[in-house]
Amino acid sequence: MPKILSNKNNLQVIYEDNHIIVVNKRAGDIVQGDRTGDKPLSEVVKSYLKEKYKKEGNVYLGVVHRLDRPTTGIVMFAKTSKALPRLNKLFAEKTAKKTYWALVKNVPPQPEGTLVNWLKKNSKNNKSTAYGKEVNGSKKAILHYKLKQTLDNFYLLEIDLETGRHHQIRTQLAAIGCPIKGDLKYGFDRSNKDASISLHARTLSFVHPVKKEDIFITAPLPNDPLWKACNTNGLV
C-alpha cells in the first residue's frame, strides 16, 4: 500500500529523508518555473520544508527530473547539494527505474510489447511526431508496455521507458492507436474534467545515493472513478 507522509496545502509527500523528498504531483502542477509565471511545484516544496523545519533564509532544493504538466505521479527533489549530482547520475545512467500507468482508449495490438520509433519535436506547437524510421532531427525512442487490466471502455497499461524523449509515452501510444484518456493533443476525443491526462508516474526504485539502501516508492493513484476501479481490483 502506498504511503502518504504529509498531505496538506495541496502537497502530497510520499517519501522524505535528509537528502531526498518525493511528492505525488497533481495534474496541472508544473515542476519548474516556466513562461506561464505559475508557481512551480519546486517552490511549493520549498515552502513546505521551510515551514516544517522552521528554516530561516533560503531553502535548498534541486530538481532531479520533470513530468508533463497534465500528468500525475512521482516527482523527486534533492534536499542537499551533495545529493543532487548523485541523483542526476542515477537518472542519466538509467539505474533509477520509473514505471508509469496509463489509461488508453483502445486495446493495444499485443498484450505486451516494445515500441521503437523516431520522435521529432515541433517546438512551435510543443508536440512530437512518431516515425517508423529515422528522419532529420529525430531521436530514437524505446518503451516497453504491458496490458495490466481491462476496464469499462478503457485499458490500463504499465509502461517502462528505455529512453526519455519529449512526450514519449503520449506520442508512441498514440502511434499504435492507443491515445491516453484526456490527451486531446495526441488524438483522444475529449478532455478530462480537470484538464489532466490519465498518465501516472506510478513507481520509482533506486539505490539511495548516500545511504546505499534499496528504495522503492509507489505513488497513490488520482482520486478519479476510473483509477479507483484499478484500486478495487487489487492494483493499489
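For the structure, see preceding data.
Residues numbered from 1 in each chain as written. Predicted model: local features only at pLDDT ≥ 70, side-chain atom pairs only at ≥ 80, totals over all residues. Heavy atoms only, no water.

1. Topic: the packing of aromatic side chains
Here is step 1 of the chain: Taken as a whole and assessed by the stated rule, the structure comprises one aromatic pair.
Here is step 2 of the chain: If you follow Lys105 out to its NZ or CZ, it ends over the ring of Phe188, 5.8 Å from the centre.
Here is step 3 of the chain: The lysine or arginine in question, Lys127, covers the ring of Tyr186, its NZ or CZ lying 5.6 Å from the ring centre. (Phe/Tyr/Trp six-rings, centres within 6.5 Å; stacked < 30°, edge-to-face > 60°. Lys NZ or Arg CZ within 6 Å of the ring centre and 35° of its normal.)

2. Regarding the pairing of strand S12 (residues 214-218)
As a general feature of sheets, a regular strand has side chains that alternate between the two faces.
Here is step 1 of the chain: As paired strands, strand S11 (residues 199-207) and S12 are joined by five bridges and run antiparallel to one another. Looking at the pairing, Thr203 lines up with Thr218 of S12.
Here is step 2 of the chain: In sequence, S11 turns back onto S12 through a hairpin of six residues, with Lys212 there showing a positive phi of about 60°. (Pairing = 2+ DSSP bridges. Helix = DSSP H or I, 4+ residues; strand = E, 2+ residues; numbered from the N terminus.)

3. So, the side chain of Glu16
Here is step 1 of the chain: Following the sequence through the fold, Glu16 ends up in strand S2 (residues 11-16).
Here is step 2 of the chain: At a separation of 3.5 Å, a polar atom in the side chain of Glu16 contacts the side chain of Tyr48.
Here is step 3 of the chain: Side chain to side chain, Glu16 and Tyr53 meet in a polar contact 2.6 Å long. (Polar contact = N/O pair within 3.5 Å; in protein donor to acceptor, adjacent residues only side chain to side chain.)

4. Considering helix H2 (residues 83-92)
Here is step 1 of the chain: Along H2, the residues classified as buried are Ala83, Leu84, Leu87 and Leu90. Seen end-on, H2 carries its buried residues on one side only, within an arc spanning 120°.
Here is step 2 of the chain: In the core, the buried residues of H2 are packed alongside strand S3 (20-25), strand S4 (62-63), strand S5 (72-78) and S11. (Buried < 20%, exposed > 50% of the residue type's maximum accessible area, 1.4 Å probe, protein only. Arc of directions from axis to C-beta. Contact = heavy atoms within 4.5 Å.)

5. A few points about unusual backbone geometry
Here is step 1 of the chain: You will see that Asn126, though not glycine, has its phi angle at about 50°, which is positive.
Here is step 2 of the chain: Tracing the chain through its elements places Asn126 in the loop between strand S7 (112-122) and strand S8 (127-131).
Here is step 3 of the chain: Relative accessible area serves as the criterion here: at 33%, Asn126 is assigned to the partly exposed category.
Here is step 4 of the chain: A positive phi is found at Asn153, a non-glycine position, where the angle reads about 75°.

6. Quick notes on the nonpolar core
Here is step 1 of the chain: Core analysis: the biggest nonpolar cluster contains 48 residues, and Ile21, Val23, Val45, Phe77, Ile159, Leu173 and Phe206 have the highest contact counts within it.
Here is step 2 of the chain: It is S5 that contributes the most residues to this core, five residues altogether.
Here is step 3 of the chain: In terms of nonpolar packing, the next biggest core, distinct from the first, is built from 10 residues, Leu151, Phe154, Leu221 and Cys230 among them. (Core = buried A, V, L, I, M, F, W, Y, C linked by side-chain atoms within 4.5 Å.)

7. Brief notes about a positive patch on the surface
Here is step 1 of the chain: Residues Lys82, Arg86, Lys89 and Lys212 make up a contiguous surface patch of positive charge.
Here is step 2 of the chain: Relative to the assigned elements, Lys212 resides in the loop between S11 and S12. (Patch = residues over 30% accessible without salt bridge, like charges linked within 9 Å, V, L, I, M, F, W, Y side chains within 5 Å. Areas by Shrake-Rupley, 256 points an atom, 1.4 Å probe, with all protein chains shown as cover. Salt bridge = Lys/Arg side-chain N within 4 Å of Asp/Glu carboxyl O. Lys, Arg positive; Asp, Glu negative; His and termini not counted. Charge placed at Lys NZ, Arg CZ, Asp CG, Glu CD.)

8. Focus on the environment of Leu204
Here is step 1 of the chain: Take Leu204: it is sitting in strand S11.
Here is step 2 of the chain: When the C-alpha positions of Leu204 and Ile217 are compared, they lie 5.2 Å apart, and in sequence the two are 13 residues distant.

9. Focus: helix H3 (residues 168-175)
Here is step 1 of the chain: Extensive coverage of H3 is indicated by the burial of six of its eight residues.
Here is step 2 of the chain: Taken residue by residue, H3 has Gln168, Ile169, Arg170, Thr171, Gln172 and Leu173 as its buried positions.
Here is step 3 of the chain: Summarising the contacts, the buried residues of H3 are in contact with strand S6 (97-104), S7, S8, strand S9 (139-150), strand S10 (155-161) and S11.
Here is step 4 of the chain: Where H3 ends, the next residue or the one after it, Gly177, has phi of about 80°, a positive value.

10. Regarding the pairing of S5
Here is step 1 of the chain: In terms of burial, S5 is a largely internal element, seven of the seven residues being buried.
Here is step 2 of the chain: Relative to S5, S3 is paired through six bridges, and the arrangement is antiparallel. Note that in S5 the partner of Ile21 across the bridge is Phe77.
Here is step 3 of the chain: Where S4 and S5 come together, two bridges link them in antiparallel fashion. Note on S5: the bridge partner recorded for Gly62 is Ala78.
Here is step 4 of the chain: Pairing of S5 with S11, which is carried by two bridges, proceeds in the parallel orientation.

From the geometry alone we can't say anything about function, so treat these as descriptive.
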